Amino acid sequence: MEQFTGRVWVLGDDIDTDIIIPTEYLAMKTIDDMKQYGFSPLRPELAAQIREGDIIVAGKNFGCGSSREQAPEVIKALGIRCILAKSFARIFFRNSINNGLLLIEQPDLYDDMKEGDTITVTVNQDVDYQGKTYPIASLPENLVEIINAGGLVRAMRRRNGLDQD
Amino acid sequence: MGQTVIEKIIAHNIGADSVKPGDIVTAQVDRVMLDDIMIPFIVDKFKEMGFPKVWDPDKVVLIYDHLVPASQQDDTRHFKIGDAFVEQYGIKHIHRSDGICHQLMTEAGYVKPGDVVFGTDSHTTTYGCVGAFSTGIGYTEMAAILGTGTLWVKVPETIRIQIDGRLPEGVMSKDIILRLIGDLGADGATYRALEFCGSTVEEMSVSSRMTMANMAIEAGAKCAVFTPDEKTAAYCGIALDAFQRQLVGDADAVYLKTMTYRAEDFEPVMACPSQVDKIRNVSELEGTVIDQVFIGSCTNGRLEDLQAAARVLDGKQVAPFVKLIVTPASRKVYEEADRLGVLRTLAEAGAIITHPGCGLCCGRTGGILSDGERVVATNNRNFLGRMGTSKVEIYLASPATAAACAVAGKIVRS
């Protein structure tokens with residue numbers, strides 16, 4: 001079972017896509033150009049503080065708002081390994097899966113979580129935080145297929161005979 | 001077992017007798033909408049996926065709206081990439097300066113009742129106003145549709161919203177949908193469909209229904225749908241066929257829940273900074289001083305919205321310290337408002353009338369604000385930083401309320 005440990009950033013309820021990456025930066029050429037502005041309306045200093053392998057823990061409705069796929073791409077480019085939230089907005093959820101960014105729903109962790117602490121995630125099983133275990137559900141099969149293919153672009157390349165299994 | 005409207009549309013699309021919530025199906029896409037912000041990313045992903053051609057160039061509509069006219073140096077790059085894509089793949093439909101994508105998709109006849117439509121903008125839910133199943137997606141999924149003509153869809157549960165009676169004077173469909181978002185919460189309809197019914201929505205114009213379907217996403221909804229009727233047929237310039245005529249929720253359909261409202265109970269409301277579900281009656285906010293008013297967007301930039309504002313502003317003057325920005329949703333709306341003297345009324349009252357497009361709604365053209373300033377706006381989102389700095393306060397309201405606030409220089413009822 002895939003397992004990883006990471007430092008946690010705690011964000012609140014209804015973290016919308018305008019907070020994750022404001023519209024004024026969406027027309028920049030690359031995700032790498034944009035990523036320094038990630039979360040800037042809420043926490044301008046955050047993007048520079050995130051390190052590879054960090055984890056976001058948030059409240060309900062994470063990723064609500066626009067369909068901009070730059071939002072999960074910016075989060076992934078900043079090095080975030082996965083997001084655990086009470087719930088996710090649906091377009092953001094699909095966009096994240098299609099880019100191989102792992103999202104996990106967990107109802108209780110957010111209420112207990114202190115920023116800066118570390119947690120250990122065992123995919124499709126549970127989260128360990130200071131010895132306490134928080135169960136997590138498995139992803140639906142059709143989404144696992146996309147993730148296992150390495151995202152939707154890879155799945156389509158394979159379909160079109162450009163990549164091998 | 002009866003079916004909800006969305007279940008009927010999806011079942012028809014996949015050639016099944018029926019579907020039920022939770023079913024994962026592969027939909028055959030009737031139309032897609034690509035917008036200017038996303039086009040470079042769509043083209044990159046499409047090429048990376050290795051498709052030799054677009055599945056059906058007649059089903060693809062590319063619309064430049066967020067970035068028109070360009071306000072940053074890099075913006076025209078998006079138009080160049082879009083134009084090259086249209087040329088290379090023989091895309092049949094492109095609008096370069098005709099207005100907002102969601103307005104054009106129904107106004108120009110690209111969406112019909114019962115269609116399944118996807119767009120790279122979250123307010124693609126708007127097309128439920130004519131009885132289509134439509135929702136927003138990301139650019140990677142759009143690229144996959146351009147190659148395959150299909151997309152997987154999980155059949156949503158449906159929340160039925162029944163509204164009967166006559167709306168009070170000064171109350172618009174915007175006040176209804178804002179109240180509903182407040183009642184549902186910003187995530188209250190996540191993964192779900194909203195189905196509107198009752199005498200109030202039957203009486204409504206297609207434009208008023210657009211406002212409500214447009215904002216369904218602000219409660220997290222996957223889509224929102226109105227039963228197509230004679231008004232829909234006239235708006236779309238078609239006669240409804242047998243399939244389209246039966247797009248009504250069956251009496252024995254299974255709904256997640258039904259919410260029932262009396263039209264007479266609605267009153268003018270606002271969504272307060274900075275959450276779409278922080279709804280207050282305008283009467284509770286009266287006296288709050290404002291700096292700017294924005295009337296426009298795919299939510300409320302149509303002729304009836306400008307007319308509602310003009311009725312309030314006729315013979316009056318915008319408060320001297322307030323900038324009133326009016327942005328028609330499309331070229332057609334602009335021309336009709338001009339022909340009917342609506343623009344003249346607005347201009348004489350002191351409005352700044354801009355070119356059709358997304359305008360201030362996404363904070364990418366003139367009118368952005370700075371710390372401590374307040375704006376009353378008719379668009380759909382009041383998120384942090386949407387119209388300037390993160391310390392700008394955005395209040396969402398109907399065009400009638402917004403116009404009244406512009407005159408008073410503070411929040412008031414129309």
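Refer to the preceding data block for the structure.
Residues numbered from 1 in each chain as written. Chains lettered and ligands numbered in written order. Predicted model: local features only at pLDDT ≥ 70, side-chain atom pairs only at ≥ 80, totals over all residues. Heavy atoms only, no water.

A.B. asks: Would you explain the environment of Val-61 of chain B in this entry?
C.D. replies: Residue and element names in this part refer to chain B. When you line up the elements, Val-61 lands in strand β3 (residues 60–63). On the basis of relative accessible area, Val-61 is assigned to the buried category, the value being 0%. In sequence terms Val-61 and Met-105 are 44 residues apart; their C-alpha atoms lie 8.2 Å from each other. Discounting chain neighbours no more than four positions away, the residues touching Val-61 are Arg-31, Val-32, Met-33, Leu-34, His-93, His-95, Met-105 and Tyr-110. (Helix = DSSP H or I, 4+ residues; strand = E, 2+ residues; numbered from the N terminus. Buried < 20%, exposed > 50% of the residue type's maximum accessible area, 1.4 Å probe, protein only. Contact = heavy atoms within 4.5 Å.)

A.B. asks: What's the story with the interface of chain A and chain B in this structure? I'm lost.
C.D. replies: Buried accessible area, meaning the area lost when the parts come together, often serves as the stated size of an interface. The interface of chain A with chain B comprises 43 residues on the first partner and 43 residues on the second. Scanning the region where chain A abuts chain B turns up 4 salt bridges. For Asp-74 of chain B, the salt bridge identified is with Lys-29 of chain A, shortest N-O distance 3.8 Å. If you look at where chain A meets chain B, you find 20 residue pairs in polar contact (both at pLDDT 80 or more). Going through the elements one at a time, α1 (17–20), α2 (31–34), α4 (70–77), α5 (90–98), α7 (141–149) and α8 (152–159) of chain A are the ones with two or more residues in the side of chain A that touches chain B. Top contributing element to the side of chain A that touches chain B by residue count: α5 of chain A, with 6 residues. Residues belonging to the side of chain A that touches chain B are distributed by class as follows: 18 nonpolar, 12 polar and 13 charged. (Salt bridge = Lys/Arg side-chain N within 4 Å of Asp/Glu carboxyl O. Polar contact = N/O pair within 3.5 Å; in protein donor to acceptor, adjacent residues only side chain to side chain. Nonpolar A, V, L, I, M, F, W, Y, C, P; charged D, E, K, R; others polar.)

A.B. asks: Looking at this structure, I do not really get the sheet that holds strand β2 (residues 55–58) of chain A. What am I missing?
C.D. replies: Paired through their backbone hydrogen bonds, the strands of a sheet run either parallel or antiparallel. Residue and element names in this part refer to chain A. Taken in spatial order, the 7 strands make up an open sheet running β4-β3-β2-β1-β5-β6-β7, and their pairing is mixed. Each edge of the open sheet is held by one strand with a lone partner, namely β4 (102–105) and β7 (132–135). Taking each pair of neighbouring strands and ignoring which way they run, the sheet shows an average axis angle of 30 degrees. Summarising the sheet, strand β3 (residues 82–85) and β4 pair through 4 bridges and their orientation is parallel. The partner of Cys-82 across the bridge, within β4, is Leu-102. (Pairing = 2+ DSSP bridges. Axes fitted to C-alpha atoms, helices over the stretch in contact; angles between N-to-C directions.)

A.B. asks: Could you clarify how one ought to interpret the pairing of strand β17 (residues 374–377) of chain B in this entry?
C.D. replies: If a strand is regular, its side chains alternate between the two faces of the sheet. All names here are of chain B. Relative to β17, strand β14 (residues 292–296) runs parallel, the two sharing 3 bridges. Across the sheet, Gln-292 pairs through a bridge with Val-375, a residue of β17. Pairing geometry for β17 and strand β18 (residues 393–396), over 4 bridges, is parallel. In the sheet register, Val-375 faces β18, and the bridge partner there is Ile-394.

A.B. asks: How should I be thinking about the sheet that holds strand β8 (residues 158–164) of chain B in this particular structure?
C.D. replies: Residues and elements named next belong to chain B. Pairing within the open sheet is parallel, and its 4 strands lie in the order β10-β9-β8-β11. In this open sheet, the two edge strands, each paired with only one partner strand, are β10 (223–226) and β11 (257–262). Averaged over all neighbouring strand pairs, the angle between strand axes comes to 20 degrees, with direction disregarded. Relative to β10, strand β9 (residues 193–197) is paired through 4 bridges, and the arrangement is parallel. Across the sheet, residue Glu-195 finds its bridge partner in β10, namely Val-225. Across the sheet, helix α6 (residues 173–184) touches β8, β9 and β11, and the angle it forms with β11 is around 135 degrees.

A.B. asks: Would you mind showing me how to read the pattern of salt bridges here?
C.D. replies: Should their charged atoms come close, side chains of opposite charge can pair. Residues and elements named next belong to chain B. For the structure shown, the criterion picks out 28 salt bridges over all chains. In this structure, Lys-59 and Asp-56 form a salt bridge, with 3.9 Å as the shortest nitrogen-oxygen distance. Among the residues examined, Asp-56 registers a relative accessible area of 23% and is labelled partly exposed. Notably, a salt bridge pairs Arg-192 with Glu-157, separated by 3.2 Å at the nearest N-O pair. Here the residue Arg-192 occupies a position in the loop between α6 and β9, and Glu-157 occupies one in the loop between β7 (150–154) and β8, the gap between them amounting to 35 residues. Judged by relative accessible area, which is 25%, Arg-192 ranks as partly exposed.

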